[in-house]
Amino acid sequence: SKSFKVAVLPGDGIGPEVMAEALQVLDAVEKKYDVRFERTFANVGGAGIDLEGKALPQTTVDICKASDAILFGSVGGPKWESLPPDEQPERGALLPLRKIFGLYANLRPAIIFPALTGASSLKEEVIAGGFNVLVVRELTGGIYFSQPKGIEGQGRERIGIDTMRYSVPEIERITHVAFQAARKRDKRVMSIDKANVLSTSVLWREVVETVAKEYPDVKLSHMYVDNAAMQLVRWPKQFDVILCENMFGDILSDEAAMLTGSLGMLPSASLAEGSFGMYEPSGGSAPDIAGQGIANPIAQILSASMMLRYSFALVEAADAIDAAVEKVLNQGLRTGDIFQDRPGERKVNTKEMGAAIVAAL
Ligand code: NAD
Ligand code: IPM
Ligand code: MN
């Protein structure tokens with residue numbers, strides 16, 4: 001039987017709660033298909049700081065390096081917010097992981113399940129017939145990583161510095177990812193930029209245009225990011241693939257998530273060249289609901305499904321997980337974030353939702 005090595009990094013807040021459910025789903029996949037997921041747990045984020053003195057311990061990096069993929073929960077929380085920025089969970093662990101493993105392509109599919117039409121923040125007539133948006137976010141460049149960066153000076157003389165840089169090869173490779181994804185979908189790419197203000201965006205637009213010539217079957221359009229934020233809530237169906245730089249993608253993907261009902265629904269795949277990837281919900285550690293056992297595990301479960309699809313080529317099993325999620329939503333099960341108290345809906349907690357998805361598999 002096939003066997004894959006998975007580094008499991010639950011992290012902080014709701015991370016361990018939703019991870020437990022995703023792991024049950026992997027157990028169910030093992031029972032149903034001839035496949036094994038060899039799991040190694042590692043500490044990351046606040047858990048890394050508390051247990052090993054560092055947000056990203058070397059042991060964790062080594063475990064990830066020895067694996068075929070990383071299944072990541074979420075990191076961060078109030079407990080670690082007063083540490084020096086570079087030691088905090090986000091800048092000390094999540095961003096370095098993305099950089100170390102070259103995870104430059106972040107795919108965030110925002111799809112409205114018919115059963116959740118009422119949970120979307122949009123009017124039902126706007127989303128009637130559904131929408132299916134894939135945010136392709138550049139993940140290892142731009143303002144998140146470029147130098148110089150930091151706070152210089154003393155007292156009121158201090159200045160905070162962030163720099164946004166993009167090289168031609170960085171723009172080229174993420175553009176190829178977007179166009180190749182579009183080919184398997186509705187063959188439309190909307191490239192997002194702020195070319196009326198930012199030099200990185202002027203270069204971005206030029207490089208995207210050039211790469212697009214290799215994909216004459218895909219329609220390319222451009223949109224400024226402020227307009228895109230508005231168009232997403234106005235009429236999401238106009239979008240197929242949304243291609244954007246790191247920070248624009250961060251912001252627009254949270255917005256797209258809410259259109260599907262909740263941030264707790266949006267999975268993501270962070271891919272490197274080749275088959276290695278890290279799979280993480282788009283949302284965070286949700287300190288406001290952590291420890292209560294009420295978080296929505298679906299983003300984590302769908303992230304595991306993306307791992308099977310993109311890193312392990314287990315398409316049938318991935319399809320089965322996605323179908324099980326849809327079935328359970330159709331049965332009316334809802335965690336608090338997607339609960340509308342409509343006829344046929346039943347409010348469940350994290351474990352009940354996970355168990356129902358396992359049963360549906
Ligand atoms: P957040 O995504 O954690 O939460 C935003 C809102 O969405 C909250 O109301 C939360 O309850 C809700 N939410 C998110 N996921 C949910 C789920 N699965 N089920 C139900 N509700 C859910 O964002 P935030 O509050 O801005 O950040 C909290 C912490 O998480 C911060 O430390 C932040 O840096 C970190 N963060 C980490 C990641 C990551 O690890 N990938 C991503 C985003 C934020
Ligand atoms: C995300 C998160 C991260 C990001 C933070 C926690 C560094 O918001 O994965 O969307 O901004 O990329
Ligand atoms: Mn984000």
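Residues numbered from 1 in each chain as written. Chains lettered and ligands numbered in written order. Predicted model: local features only at pLDDT ≥ 70, side-chain atom pairs only at ≥ 80, totals over all residues.

### Side note on the overall build of the chain
Right, on to step 1. Assigned secondary structure in the chain consists of 12 helices and 14 strands.
Right, on to step 2. For a compact globule of 361 residues, the expected C-alpha radius of gyration is about 21 Å, and the chain comes in at 20 Å, within 12% of that figure.
Right, on to step 3. For the C-alpha atoms alone, the extent of the chain along its principal axes is close to 55 × 50 × 45 Å.
Right, on to step 4. Long-range contacts, defined here as pairs at least 24 residues apart, represent 74% of the contacts in the chain between residues at least 6 apart. (Helix = DSSP H or I, 4+ residues; strand = E, 2+ residues; numbered from the N terminus. Rg over C-alpha atoms; globule rule 2.2 N^0.38 Å. Contact = placed C-beta atoms within 7 Å.)

### Considerations on the environment of Ser275
Right, on to step 1. Positionally, Ser275 belongs in the loop between strand 11 (269-271) and strand 12 (277-279).
Right, on to step 2. Looking at Ser275, the number of C-beta atoms within 10 Å reads 12, which means it is exposed.
Right, on to step 3. Between the C-alpha atom of Ser275 and that of Pro169, which follows or precedes it by 106 residues, the distance is 20 Å. (Buried ≥ 20, exposed ≤ 12 C-beta atoms within 10 Å, placed from the backbone.)

### Remarks on the confidence of the model for the chain
Right, on to step 1. When pLDDT is averaged along the chain, the result is 97, and 100% of the positions lie at 70 or above.
Right, on to step 2. ipTM for the predicted complex: 0.98, alongside a pTM of 0.98. (pLDDT = per-residue confidence, 0-100.)

### So, the UniProt feature "binding site: Mg(2+)" (unreviewed entry) in the chain
Right, on to step 1. According to UniProt, the feature "binding site: Mg(2+)" (unreviewed entry) maps to Asp226, Asp250 and Asp254 in the numbering used here.
Right, on to step 2. Its place among the elements puts Asp254 in helix 9 (residues 246-259).
Right, on to step 3. Classification of Asp254 by C-beta neighbours within 10 Å gives partly exposed; the count is 17.
Right, on to step 4. Beyond its immediate sequence surroundings of up to four residues, Asp254 is in contact with Leu263 and Ser282. (UniProt positions renumbered as here; feature names shortened; annotations may be inferred.)

### Considering the nonpolar core
Right, on to step 1. By size, the foremost hydrophobic cluster in this structure holds 113 residues, and its most contacted members are Val25, Ile242 and Leu243.
Right, on to step 2. At 9 residues, the largest contribution of residues to this core is made by helix 10 (residues 298-310).
Right, on to step 3. If you count residues domain by domain, this core takes at least three from each of domain 1 (1-107 + 269-361) and domain 2 (121-259).
Right, on to step 4. Every residue in contact with Leu243, bar those within four places of it in the chain, is listed here: Val136, Ile174, Thr175, Ala178, Val189, Met190, Ser191, Ile192 and Val208. (Core = buried A, V, L, I, M, F, W, Y, C linked by C-beta atoms within 7 Å. Domains from an automatic or database assignment.)

### A word on the site of ligand 1
Right, on to step 1. Every one of the 23 residues lining ligand 1 counts as a neighbour, but Gly76, Gly264, Gly283, Gly284 and Asn296 are closest to it.
Right, on to step 2. In the shell around ligand 1, the residues fall into 10 nonpolar, 9 polar and 4 charged. (Near = placed C-beta within 6 Å. Nonpolar A, V, L, I, M, F, W, Y, C, P; charged D, E, K, R; others polar.)

### Digging into helix 12 (residues 350-360)
Right, on to step 1. Looking at helix 12, one finds that the buried residues are Thr350, Met353, Gly354, Ala356, Ile357 and Val358.
Right, on to step 2. On its buried side, helix 12 packs onto helix 1 (15-32), helix 10, helix 11 (315-330) and strand 13 (333-334).

### Points about the packing of helix 6 (residues 168-183) against helix 7 (residues 199-212)
Right, on to step 1. Interaxial distance between helix 6 and helix 7 falls to 9 Å at its minimum, and their mutual angle equals 50 degrees. The angle between the axes of helix 6 and helix 7 places the two elements in the oblique class. Handedness of the crossing formed by helix 6 with helix 7: right-handed. Touching Val168, Ile171, Glu172, Thr175, His176 and Phe179 of helix 6 are Leu203, Trp204, Val207, Val208, Val211 and Ala212, all from helix 7. (Axes fitted to C-alpha atoms, helices over the stretch in contact; angles between N-to-C directions. Parallel < 35°, antiparallel > 145°, perpendicular 65-115°, else oblique. Left-handed = near helix turned anticlockwise from the far one by under 90°.)

### Observations regarding the pairing of strand 10 (residues 241-244)
Right, on to step 1. Side-chain alternation along strand 10 places Val241 and Leu243 on one buried face and Ile242 and Cys244 on a second face that is also buried.
Right, on to step 2. In the sheet, strand 5 (residues 132-138) pairs with strand 10 via 4 bridges, with the strands oriented parallel. Each bridged residue has a counterpart across the sheet, and for Leu134 the counterpart in strand 10 is Val241.
Right, on to step 3. With 3 bridges joining them, strand 8 (residues 188-193) and strand 10 adopt parallel strand pairing. Across the sheet, Val189 pairs through a bridge with Val241, a residue of strand 10. (Pairing = 2+ DSSP bridges.)

### What about the domain arrangement of the chain?
For an interface, size is often stated in terms of accessible area lost upon the parts coming together.
Right, on to step 1. The domains assigned to the chain are domain 1 (1-107 + 269-361) and domain 2 (121-259).
Right, on to step 2. Using C-alpha coordinates to define each centre, domain 1 is positioned 24 Å away from domain 2.
Right, on to step 3. Counting only elements with at least two residues in the side of domain 1 that touches domain 2, the list comes to helix 4 (89-100) and strand 4 (105-111).
Right, on to step 4. For the side of domain 1 that touches domain 2, the class distribution of residues is 5 nonpolar, 4 polar and 2 charged.

### Structural notes on the sheet that holds strand 11
Right, on to step 1. With respect to topology, 10 strands assemble into an open sheet ordered 2-1-3-12-11-4-5-10-8-9, the strand pairing being mixed. The open sheet has two free edges, formed respectively by strand 2 (35-41) and strand 9 (219-224), since each of these has just one partner strand. On average, each strand axis in the sheet is inclined to that of its neighbour by 25 degrees, with strand direction left out of account.
Right, on to step 2. On the sheet, helix 8 (residues 225-234) packs against strand 8 and strand 9 and is oriented at approximately 105 degrees with respect to strand 9.

### A few points about the environment of Gly129
Right, on to step 1. Position of Gly129 relative to the elements: it lies in the loop between helix 5 (124-127) and strand 5.
Right, on to step 2. The class of Gly129 is exposed, set by 10 C-beta atoms lying within 10 Å.
Right, on to step 3. Expressed as a C-alpha distance, the spacing of Gly129 and Thr117, which sit 12 residues apart in the sequence, is 9.6 Å.

### With respect to helix 6
Right, on to step 1. Helix length check: helix 6 (16 residues) gives 22 Å between terminal C-alpha atoms against 22 Å at 1.5 Å per residue, within 8%.
Right, on to step 2. Buried residues of helix 6: Glu170, Ile171, Ile174, Thr175, Ala178, Phe179 and Ala182, and no others. What you see down the axis of helix 6 is that its buried residues fit within an arc of 155 degrees, all on one side.
Right, on to step 3. Turning to helix 6, the residues buried within the fold contact strand 4, strand 5, strand 8, helix 7 and strand 10. (Expected span 1.5 Å × (residues − 1). Arc of directions from axis to C-beta.)

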